[in-house]
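Residues per chain are reported as follows:
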Amino acid sequence: MPRRTLSEDCLLVFTAEWAGTGCVVKYPRTERASASLAREWDRLRELAADPRLAPWRALLPEAVGSRPSPPGRGARTGTADGPTTGTADSPANGTTGTADSTAAGAVAETPDRPADDPETGAADDPPGAPPRRRPLVQTLLPGVPAGPLLPERPQEVRRTTTAALGLLAALRAATGRPEPAADHLSEWAHEQLDVLAAELGRGRPEAGAGALGPLRRRLDRALAGTTLTRGWTHGDFHSGNLLLDEGRTRITGVFDWGNSRADGPAEIDACTFVLATREALGGPPMGRQVAEVLRRGRLPSADRALLAAHGVGADGPGPGGGDDPVALPLLTWLWHVSGNLRKTPWFGRSRRWLGVTVTPVLREAARGPETP
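As the structure is a prediction and not an experimental result, all values here were calculated from the model.

## Observations regarding the overall build of the chain
Link 1 in the chain: Secondary structure summary: the chain contains 12 helices and 11 strands in total.
Link 2 in the chain: The contacts of the chain with a sequence gap of at least 6 include a subset with a gap of at least 24, amounting to 74%.
Link 3 in the chain: Only carbon and sulfur atoms are counted for the fraction: they give 53% of the accessible area of the chain, which is about 15900 Å².

Here's what the structure looks like:
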C-alpha cells in the first residue's frame, strides 16, 4: 500500500492504520522533539475535554495511546491498547497515505514499553541505556491540505481566507473574552522572549538577552494599551496546518496544536494567517513584513481591512487593537519565532532563517519608532 513520510532533522511523520482507522504517527528524533510532542499531546487532551469546542470537535485531532513522555520518563496516562480520548472512529490529521504497520504497533513496538512502574505503566531508563522516545499518535483528519493550494491556485485564496478567518472568529467568540494585554505580559510575551534570548545566546552571549532589550521595551510599550481576547490560541495557524473540503470553502481539519494555549492572545492566529498567506503568495518573509510594520507604524491597509472584516481591530479600539498598531503583528511574530525555536534547534543555527525572520525585526526595534 502507498506510504508517505515526512522526515526532518528532529521528527519523522507517517500515517498508519489502527483498528481500521487512519492515524498520524509523529516519531521524535531528539529530546527537544520529544518534549514538543509531549506538549502537543497535553494540548490535544485539553481540546478534547473542553465542552466549548463541541461544535468543532470533528476538526480537531484526538490523541491515541500513551503520552510521548520526554526521554527517561514514563508515560503519564493512557495505554497502547486504545485511544485515550474519544474513539478511533473520529476523523483526524493532515498527512495522507498509509503505512504497513499499525498505529498501535508504532506505540507498542517502540523500545520503551516496560510496564513495571505502578503509577505510569512504564519504567525509567536503566543506567547507560539510550534515551527512550515515544511517538505521538493522533487520529487522521479528512480533507485536502490547504498549504499547497495557495501558490498553485491563487484564485481560491479569498475563499480559503474567508473560511479560515471565519473559523477563528467563531472560536474566539466561543472560548474567549477581551482582556488588557498588559495583565498577561509574562505568559503572552516574556516567556516567548526568554525562549528567543536563550536560543540566540547559545555560543553567542552578545546575541542573547542583551540584544533583545530594545525589542522587549518596544513590545511592552505596545501591549500596555492593547486589548486582546484571552481564549484558545493555536499559535501557528497558517494554511500548512489546515485541511479543506473539496470545494475549498470549508475547513475540515486543524492540526499541529503543540504551540497552543487555552488562555492565549487569540487574535494572533488571524494575524499569523494573514502574514503567512502573504508570504506564501510570493511576498516577503514574516520577519521582513513585521520589520516594515515597525518602520511604518502599522500593517498595510489591505491587511488591516481583512482583519477588521473578521472581528480583529489591528488598530484602534476593540480586541486586537489599541494605542499602538504594531502590538498585534509584533506579538504574532514573537509567537511564530519562539514556537519554531521550541521545536528544533535547527532554526537557531540557521543563519538564513535568522537573517530573514529575526534580524530585521531586532534591527527595527533597536531603531525605535519612525519620526515624521
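## Thoughts on the pattern of salt bridges
Close approach of charged atoms allows side chains of opposite charge to pair.
Link 1 in the chain: In this structure the tally under the stated criterion is 23 salt bridges.
Link 2 in the chain: Taking the shortest distance from any N to any O, the salt bridge between Glu179 and Arg177 comes out at 2.7 Å.
Link 3 in the chain: Since its relative accessible area comes to 12%, Glu179 is described here as buried.
Link 4 in the chain: The salt bridge partner of Arg218 is Asp324, with a shortest N-O separation of 2.6 Å. On the criterion of sequence distance, the pair formed by Arg218 in helix α6 (residues 213-224) and Asp324 in the loop between α9 (301-309) and α10 (327-343) is long-range, its members being 106 residues apart. Both residues of the pair, Arg218 and Asp324, count as buried.

## So, the packing of aromatic side chains
Link 1 in the chain: Taken as a whole and assessed by the stated rule, the structure comprises four aromatic pairs.
Link 2 in the chain: Between Trp232 and Trp257, the ring centres sit 6.2 Å apart and the planes meet at 90°, which makes this aromatic pair edge-to-face. Separated by 25 residues along the polypeptide, Trp232 in strand β8 (residues 227-233) and Trp257 in the loop between β10 (251-254) and β11 (261-265) bring together distant segments of the chain. Per residue, the accessibility class of Trp232 equals that of Trp257, and both read buried.
Link 3 in the chain: Taken together, the ring pairs connect Trp346, Phe347 and Trp353 into an aromatic cluster.

## Some remarks on the nonpolar core
Link 1 in the chain: Of all hydrophobic cores here, the largest spans 77 residues; its most connected members are Leu196, Leu215, Ile251, Trp333 and Val358.
Link 2 in the chain: When residues of this core are assigned to their parent elements, the largest contribution, nine residues, is made by α10.
Link 3 in the chain: For Val358, the residues in contact, after removing those within four places along its chain, are Leu196, Leu200, Trp333, Val337 and Trp353.
Link 4 in the chain: Membership of the second largest hydrophobic core comes to seven residues, among which are Trp18, Cys23, Val25 and Val64.

## Focus: helix α1 (residues 31-49)
Link 1 in the chain: Between the first and last C-alpha of α1 there are 27 Å, a value that for 19 residues agrees with the 27 Å anticipated at 1.5 Å per step.
Link 2 in the chain: Residues of α1 that are buried include every one of Ala33, Ser34, Ser36, Leu37, Ala38, Glu40, Trp41, Asp42, Arg43, Leu44 and Leu47, and no others.

## Side note on the sheet that holds strand β7 (residues 177-180)
Link 1 in the chain: Strand order in the open sheet formed by three strands is β7-β8-β11, and the pairing between neighbours is antiparallel. Two strands in the sheet have a free side with no partner beyond their single neighbour: β7 and β11. Direction aside, the axes of adjacent strands within the sheet are offset by 40° on average.
Link 2 in the chain: For β8 and β11, the ladder comprises three bridges, and the chain directions are antiparallel. Paired with Arg230 across the two strands is Pro265, which belongs to β11.
Link 3 in the chain: With respect to the sheet, α10 is in contact with β8 and β11, its orientation differing from that of β11 by roughly 140°.

## Things to note about unusual backbone geometry
Link 1 in the chain: In this structure, Arg248 takes a positive phi of about 60° despite not being glycine.
Link 2 in the chain: Its location among the elements puts Arg248 in the loop between β9 (242-244) and β10.
Link 3 in the chain: Phi at Asp256 is positive, roughly 60°, even though this residue is not glycine.
Link 4 in the chain: As for its placement among the helices and strands, Asp256 is situated in the loop between β10 and β11.
Link 5 in the chain: With relative accessibility at 22%, the residue Asp256 sits in the partly exposed group.

## Digging into the pairing of β10
Link 1 in the chain: Relative to β10, β9 runs antiparallel, the two being bridged by three bridges. Residue pairing for β10: Leu244 is matched across the bridge by Ile251.
Link 2 in the chain: The loop that links β9 with its antiparallel partner β10 comprises six residues; one of these, Arg248, has a positive phi angle of about 60°.

## Focus on the environment of Gln138
Link 1 in the chain: Here Gln138 lies in strand β5 (residues 136-139).
Link 2 in the chain: Between the C-alpha atom of Gln138 and that of Phe255, which follows or precedes it by 117 residues, the distance is 9.8 Å.

## What to know about the packing of helix α5 (residues 185-200) against α6
Link 1 in the chain: Two numbers describe how α5 lies on α6: the axes approach to 11 Å, and their chain directions differ by 165°. Taken together, the axis directions place α5 and α6 in an arrangement best described as roughly antiparallel. Along this stretch, α5 crosses α6, giving a crossing that reads as right-handed. Residues Leu185, Ala189, His190, Leu193, Asp194 and Leu196 of α5 lie in contact with α6, whose contacting residues are Leu215, Arg216, Leu219, Asp220 and Leu223.
Link 2 in the chain: For the contact of α5 with α6, the residue count by class is seven nonpolar, one polar and three charged.

## Structural notes on the sheet that holds β9
Backbone-to-backbone hydrogen bonds pair the strands of a sheet. The strands run either parallel or antiparallel.
Link 1 in the chain: Taking strand neighbours across the sheet as the criterion, the three strands line up as β6-β9-β10 in an open arrangement whose pairing is antiparallel. Strand pairing shows two members of the sheet lacking a second neighbour, β6 (144-145) and β10, which therefore form its edges.
Link 2 in the chain: Lying on the sheet, helix α4 (residues 157-175) is in contact with β9 and β10; it crosses β10 at an angle near 60°.

Conventions used here
- Residues numbered from 1 in each chain as written.
- Predicted model: local features only at pLDDT ≥ 70, side-chain atom pairs only at ≥ 80, totals over all residues.
- Heavy atoms only, no water.
- Helix = DSSP H or I, 4+ residues; strand = E, 2+ residues; numbered from the N terminus.
- Contact = heavy atoms within 4.5 Å.
- Areas by Shrake-Rupley, 256 points an atom, 1.4 Å probe, with all protein chains shown as cover.
- Salt bridge = Lys/Arg side-chain N within 4 Å of Asp/Glu carboxyl O.
- Buried < 20%, exposed > 50% of the residue type's maximum accessible area, 1.4 Å probe, protein only.
- Phe/Tyr/Trp six-rings, centres within 6.5 Å; stacked < 30°, edge-to-face > 60°.
- Core = buried A, V, L, I, M, F, W, Y, C linked by side-chain atoms within 4.5 Å.
- Expected span 1.5 Å × (residues − 1).
- Pairing = 2+ DSSP bridges.
- Axes fitted to C-alpha atoms, helices over the stretch in contact; angles between N-to-C directions.
- Parallel < 35°, antiparallel > 145°, perpendicular 65-115°, else oblique.
- Left-handed = near helix turned anticlockwise from the far one by under 90°.
- Nonpolar A, V, L, I, M, F, W, Y, C, P; charged D, E, K, R; others polar.

Function cannot be read off these values alone, since they describe shape.
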